[in-house]
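Overview (structure and organization)
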Amino acid sequence: MPKNLLIVESPAKAKTIEKILGKDYTVKSSYGHVRDLPKSNDAIDITNNFKPVYEVSPEKKKVVKELKDWVKKVDEVWLATDEDREGEAISWHLCQVLGLDEASTKRIVFREITAPAIQRAIQSPRTVDINLVNAQQARRVLDRLVGFELSELLWKKVKGKLSAGRVQSVAVRLVVDREREIQQFESTPFFRINAFFIVQNEQGKDVILKAELPQRYETEADAETFLQKCVGADFSIADIELRPLKRKPTAPFTTSTLQQEASRKMGFAVKRTMVAAQKLYEAGHITYMRTDSISLSDLALNAIARQIEKDYGAEYLKVRRFKTKNASAQEAHEAIRPTYIENQAVPGDSDQKRLYDLIWKRTIASQMADAVVEKTVVQIGISTIPDAFLQAEGEVLKFDGFLKVYLESKDDDDDEEAKGMLPPLKVGQELPLQEMTATERFTRPPARYTEASLVKKLEELGIGRPSTYAPTISKIMEDGRGYVVRESRDGLERPFRVLHLQDGQISKQEQTEMTGATKNRLFPTDMGMVVVDFLMEHFRDIMDYGFTAGIEKQFDDIADGKEKWVEMLGDFYEPFHATVEETLENADRATGERILGKDPESGRTLLVRMSRLGKPVVQIGKPEELDEGEKPKFANLRPGQSIETLELNEALELFELPKTLGEYEGQEVSVGLGRFGPYVRHGDTFISIPRGEDVMEVDLDRALELIREKRKADAPIGTYKGQPITKGKGRFGPFLKWNDLYVNIPRRIDFDAVTLEQAHELIEAKVEKEANRYIHRWENEGISVENGRWGPYIRFKRKNIKIPKVNGEKVTSETATELTLEQVKAMIEAEVPDAFGKKGKKMKDKG
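Below: a short report on this structure. Please read these numbers as outputs of a predicted model, since none were measured by experiment.

1. Thoughts on the overall build of the protein chain
Assigned secondary structure in the protein chain consists of 22 helices and 34 strands. Each principal axis of the C-alpha distribution contributes one length, and for the protein chain these read about 105 × 80 × 65 Å. Out of the 847 residues belonging to the protein chain, those deemed buried represent 47%. Pairs at least 24 residues apart make up 67% of the contacts formed inside the protein chain by residues separated by at least 6 positions. Total accessible area computed for the protein chain in this model is approximately 44,600 Å², and 47% of it derives from carbon and sulfur atoms.

Pasting the structure below:
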C-alpha cells in the first residue's frame, strides 16, 4: 500500500506524475474544483462579511468520497494543484472537504511535469498560501455579486436570460467601441505616385525597378499636376545609401502571446489553443501554460544554448535574459517552453503537435543571434522637379540568425510590404521610365478585433489575467448571450481612379476593388450594443477600463497580503448595490430605438428597435398612431444589417418581404426573412438561402434551384422497420431523422457517406436510449421524470429540476417509479413558486 497520496487537478497529469514518483505514492485527481458557490442568491452571506457558502458539486460527490477513502489509507497527503491562484484555492477547498489541516498539509508547486522538477518540489514543500486563496475568493465573490445583480437587472430592463459580468461586459464594450469607431470613420481619398523603370539585373536581363514618391497628394488635380511635370523628364540615381540593420527575436511565449501567434499562424481560436496547451502540459511536454512571465530558468537557458550550438553552430547562439515589464505578472514565474528542448516533436493529436512545434521554435529563436540585414535606399532625381525625389528600397539578408528558425507573424491589418533585393545600381545611372502611375487609395479605419487581438488589448489595459482570457472570450460569444459573433463577411465593391503617364501621354482610368472584407473577425450584435449602452449609462465605473484594471490590481495586493479581501469587497459592493437598486427603480427599458422617418404609404413613424424577444425589428406605427385594436407592422432585419446603421430606404425594402416569385408544381414560391434567416418557401416547405446571398436578389430560377437541391438532400437514404430514413444538418450538427426521432451523427461517421448499416446502428442505439430515458411521463402536464447521468431528475417544460431526498434518502431510478404526479408537482413548486398558478410565472434561470 502506498504511504503517500498526492492530489492534482486532472487525471492526465496524475498519470504522468505517478510514473515519476514510483510505488510509494498514489496520485489521484480532483477533476478541477470539488466545490463552488451554488447557483442561488443565498450563495454569499453579504451581512456576514461576504462569507461564501460553498457546496460540493453533485458530480464531484463520488470523487470526494474516493479521495476521503484514500486519505484514511495513507500516512501523508500532498496537494499538487496548479501554482496559480485558482490552483491554490482548489488545494484549500480540498483541505476543507477532506478534513486536512491547512497549516500542516504539504503543498507543492512546479512549473513543469518532469522528474527533476517534481523531485525538487517534494524536497521543498510549503503549506497553502491563504493570501492567494483570498485573492481568488475575492475575485469569485465579486464576480458572482456583480454578475447576478447586473444579470437580473438586464432581465427586467432589456431581455430575459441575458448575463453581465465585471470583465465580460468590459470585453464586449471593447468590441462595441471598435465597431462604432469603424462606423463613424470617414475614409479620405489620396493619391500615391509610383514609377516603374527598366534596368538590367546581374544576368543582363531587363527587370522592373519600382520606386515611390514619399509624398501623397490629396486631390486628383495635384497628382495630375505632378505627372504633367514629369512629362519628358530624365530620371537618374542621385544617391544610394546602405544601412546595416539588426533584427532581434521576440521573447518566449506568455499565455497571451501564444494565443495571438497560434491565431495568426494556424487560425486557432483562443479556446482551441488553451485546450491543446493544457494537454501538452499535463503530458509533461511544456511548462505551465497560464503565465504572464517571459523569463526562462538558468537550467532552461543552458539546455537551449547546448541545443542551438549542436543544431546550428556557436555563431547562432546569443543568450538573452528577458525580463517581464508587466508589474502585475504573478500567475507563474517562467515563460511557456518545452520541458525537454531536445524533443523537437512530441506525440499527440494534430493540434498538440502543431502548437508544440510553435512553442519549440519560439523558445529556440529567443536565444539565437540577431539577424543582420543590409537595407538599400535609392534616391531617384527628376530633371524637371529638382526638389523632388522618388525612392526605391531593397533588403539583403547578410546573416539569418534567429530567422533560420522562426519569424513572428503580424496581424493581417499591418500593411508593411515585403522588400526584396534590388538589381545592381550606381549613382548617376540613367533610368528609362516605363510608366508612372497616380493611384487613388483611401485611409482605412482600425481593424475589427480577432479573438487573439482582443486578448492582446485586454492585457494591454490590465483587464483580467492569463487564467481569465480564454473563459472571457468564450463567455461573450456564447449562443445564448448573443453579444459578440465571429464572422467572415464579404466586402463592398468600390471604384478608384488611376492616372497613367506612359510615352509622354497621361491617361485616366476607373477601376474597382473589394473593400471591407473580413475573415474571422469579432462583430457586436445589436443586443450587445444595447446592453453596453445601458450599462454605460447606469454603471460607468464598472464599464470603465481603468476602473476594471484597478480591481485587478487590488486582487494582486490581496495575493501579496497588502489588502484585506473582505474590506475590498465592502468598499466596492455598497455603492454598486445602491446603483443597482436605483436603476431598478428608475431606469426605462432599453430597446436601442432609432426613428428613421415616416412610412410614405401610411404616414406613420418608421423605427428600429430590439423586441422583447431580443430580436432587432423594423416597426411601422407607434402605439399613439394606431387605431384601437390595431397592431404595428413588423419586419425582420437581413443578416449583416444593424439597428445602428439601417437607413430609411433599406428599412422600407424589408416590408416587401415575404415576396411571391411565382408558382411551381401548382404551389406558390416566395422568399422571406424568418427566425433563422432568409428563406425560400414552397408550399409548406422552407429552404434556407445560403449565407452571403441577398434575399432581395433571389429570383424564381434561383429559388427552384434551391428547392431541387433540398429535395435531393432530403431524399431517404433507406428505411428502418418500414419507415424512411432521411438526413440533414441542423443547429447542433448533422442528424438522421426516422419516425419523428432525430439522431445525431457522430464525427467519426462521414455525413456524406453514411451507410444504411451505420444508420440502423445509430437509430437502434437512440431507440434503446429513449426507451430507458423516461421513468414517468405526463405529456399533458409537460412533466416527466427522467434518468440522467447523475440520477433521476424532473423535467418541467424546458427546465431540469433536481429531485430532493425523500425521508432522508436519495431518490434512485427504482424508487422514482413510486413517485406520484402530485408529489412531483410539489417538488416543482418548491423550486418554481406558482408554477401551476394562473399566471404561470416563468422560473428564472440564474445560471
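2. Describing the pattern of salt bridges
Per the counting criterion, the structure on display carries 62 salt bridges. The residue R702 makes a salt bridge to E693 at a minimum N-O spacing of 2.4 Å. Here E693 falls in the partly exposed class, since its relative accessible area comes to 30%. One salt-bridge network, in which partners are shared between bridges, spans E9, K13, D82, D84 and R290.

3. Overview of the packing of aromatic side chains
Evaluated as defined, the whole model comprises 16 aromatic pairs. Ring plane angle 80 degrees and centroid distance 5.8 Å describe the contact between F50 and Y573, whose orientation is recorded as edge-to-face. Of the two residues, F50 is situated in the loop between β4 (44-45) and β5 (51-52) and Y573 in helix α17 (residues 565-586); the sequence distance between them amounts to 523 residues. Three or more aromatic residues joined by ring pairs form one cluster here, namely F50, F539, F547, F572, Y573 and F576. Here the basic side chain of R777 rests over the ring of Y774, its NZ or CZ set 4.1 Å away from the ring centre. The ring of F836 has K825 sitting right over it, with the charged end atom 5.1 Å from the ring centre.

4. What to know about helix α5 (residues 130-157)
Given 3.6 residues per helical turn, the α-helix brings residues three or four places apart onto the same face. With 28 residues, α5 extends 40 Å from end C-alpha to end C-alpha; this agrees with the ideal 40 Å at 1.5 Å per step. By the criterion of burial, α5 is predominantly enclosed, with 23 of the 28 residues buried. With a side-chain oxygen lying 3.0 Å from the backbone nitrogen of N131, the N-terminal cap of α5 falls on D129.

5. Details of the packing of helix α2 (residues 61-73) against helix α3 (residues 85-98)
Viewed as axis vectors pointing N to C, α2 and α3 meet at an angle of 75 degrees, and their least axial separation amounts to 10 Å. Judged by the angle between their axes, α2 and α3 are roughly perpendicular. Between α2 and α3, the residues in contact are V64, L67, K68 and V71 and L94, V97 and L98, respectively. Split by residue class, the contact of α2 with α3 holds six nonpolar, no polar and one charged.

6. Describing the sheet that holds strand β8 (residues 106-107)
The pairing of strands in a sheet happens through backbone hydrogen bonds and is either parallel or antiparallel. Sheet architecture is open: four strands sit in the order β2-β1-β7-β8, paired in parallel fashion. This sheet does not close on itself; its edge strands, each paired only once, are β2 (25-29) and β8. With four bridges joining them, strand β1 (residues 4-8) and strand β7 (residues 76-79) adopt parallel strand pairing. Within the sheet, the bridge partner assigned to L5 lies in β7 and is V77. In the packing of helix α1 (residues 11-21) onto the sheet, contacts are made with β1 and β2, and the angle to β2 comes to roughly 170 degrees.

7. Focus: the packing of helix α8 (residues 255-266) against helix α12 (residues 451-461)
Look at α8 against α12: their axes get within 8 Å of each other, and the N-to-C directions meet at 155 degrees. As far as their axial angle goes, α12 and α8 are roughly antiparallel. Along this stretch, α8 crosses α12, giving a crossing that reads as left-handed. Judged by residue contacts, S256, Q259, Q260 and S263 of α8 engage A452, V455, K456 and E459 from α12.

8. Looking at the environment of G165
Locating G165 in the fold gives a position in the loop between α5 and α6 (168-184). Judged by its relative accessible area of 8%, G165 is buried.

9. Some words on a positive patch on the surface
Taken together, the side chains of K161, K615, R675, R731 and R798 make up a positively charged region of the molecular surface. Here K615 shows up in the loop between β20 (605-610) and β21 (616-620).

10. Here's the deal with the sheet that holds strand β29 (residues 733-738)
Taken in spatial order, the four strands of this open sheet run β27-β28-β29-β30, and their pairing is antiparallel. Lying at the two open borders of the sheet, with one neighbouring strand each, are β27 (718-720) and β30 (741-744). Going from strand to strand, the sheet's axes swing by 40 degrees on average, the running direction of each strand aside. With three bridges connecting them, β27 and strand β28 (residues 723-730) associate as antiparallel partners. Looking at the pairing, T719 lines up with P724 of β28. Packed onto the sheet, helix α20 (residues 756-771) meets β27, β28, β29 and β30 and runs at close to 115 degrees relative to β30.

11. Notes on unusual backbone geometry
The peptide bond linking L657 to P658 adopts the cis configuration, its omega dihedral lying at -5 degrees. Along the chain, the position of P658 falls in the loop between α18 (648-654) and β23 (659-664). Of note, the phi angle at D503 is positive, near 55 degrees, even though the residue is not glycine. Relative to the helices and strands, D503 is located in the loop between β16 (492-502) and β17 (505-515). What makes D503 exposed here is its relative accessible area of 76%. At D740, a position not held by glycine, the phi torsion is positive, near 65 degrees. Mapped onto the fold, D740 is located in the loop between β29 and β30.

12. What to know about the side chain of T591
Its location among the elements puts T591 in the loop between α17 and β19 (594-598). A relative accessible area of 14% means that T591 is categorised as buried. The contact partners of T591, leaving out residues within four places of it in the chain, are V530, R609, M610 and I643.

13. Concerning the pairing of strand β25 (residues 677-682)
Taken across its six residues, β25 has five buried, putting it largely inside the fold. As paired strands, strand β24 (residues 667-674) and β25 are joined by six bridges and run antiparallel to one another. Within β25, the residue paired with V669 across the bridge is H682. Between β24 and β25, which pair antiparallel and follow one another directly, the connecting turn spans two residues. Here β25 pairs with strand β26 (residues 685-688) via four bridges, running antiparallel.

14. Focus: the side chain of E88
In this fold, E88 is placed in helix α3. Within the structure, the side chain of E88 is placed 2.8 Å from the side chain of R107, a separation counted as a polar contact. Within the local environment of E88, its side chain forms a polar contact with the side chain of R126, the two groups lying 2.8 Å apart. Excluding residues that lie within four positions of it along the chain, E88 makes contacts with T81, D82, R107, R126, T127, V128, D129, L132 and V133.

Thresholds applied
- Residues numbered from 1 in each chain as written.
- Predicted model: local features only at pLDDT ≥ 70, side-chain atom pairs only at ≥ 80, totals over all residues.
- Heavy atoms only, no water.
- Helix = DSSP H or I, 4+ residues; strand = E, 2+ residues; numbered from the N terminus.
- Buried < 20%, exposed > 50% of the residue type's maximum accessible area, 1.4 Å probe, protein only.
- Contact = heavy atoms within 4.5 Å.
- Areas by Shrake-Rupley, 256 points an atom, 1.4 Å probe, with all protein chains shown as cover.
- Salt bridge = Lys/Arg side-chain N within 4 Å of Asp/Glu carboxyl O.
- Phe/Tyr/Trp six-rings, centres within 6.5 Å; stacked < 30°, edge-to-face > 60°.
- Lys NZ or Arg CZ within 6 Å of the ring centre and 35° of its normal.
- Expected span 1.5 Å × (residues − 1).
- Polar contact = N/O pair within 3.5 Å; in protein donor to acceptor, adjacent residues only side chain to side chain.
- Axes fitted to C-alpha atoms, helices over the stretch in contact; angles between N-to-C directions.
- Parallel < 35°, antiparallel > 145°, perpendicular 65-115°, else oblique.
- Nonpolar A, V, L, I, M, F, W, Y, C, P; charged D, E, K, R; others polar.
- Pairing = 2+ DSSP bridges.
- Left-handed = near helix turned anticlockwise from the far one by under 90°.
- Patch = residues over 30% accessible without salt bridge, like charges linked within 9 Å, V, L, I, M, F, W, Y side chains within 5 Å.
- Lys, Arg positive; Asp, Glu negative; His and termini not counted.
- Charge placed at Lys NZ, Arg CZ, Asp CG, Glu CD.

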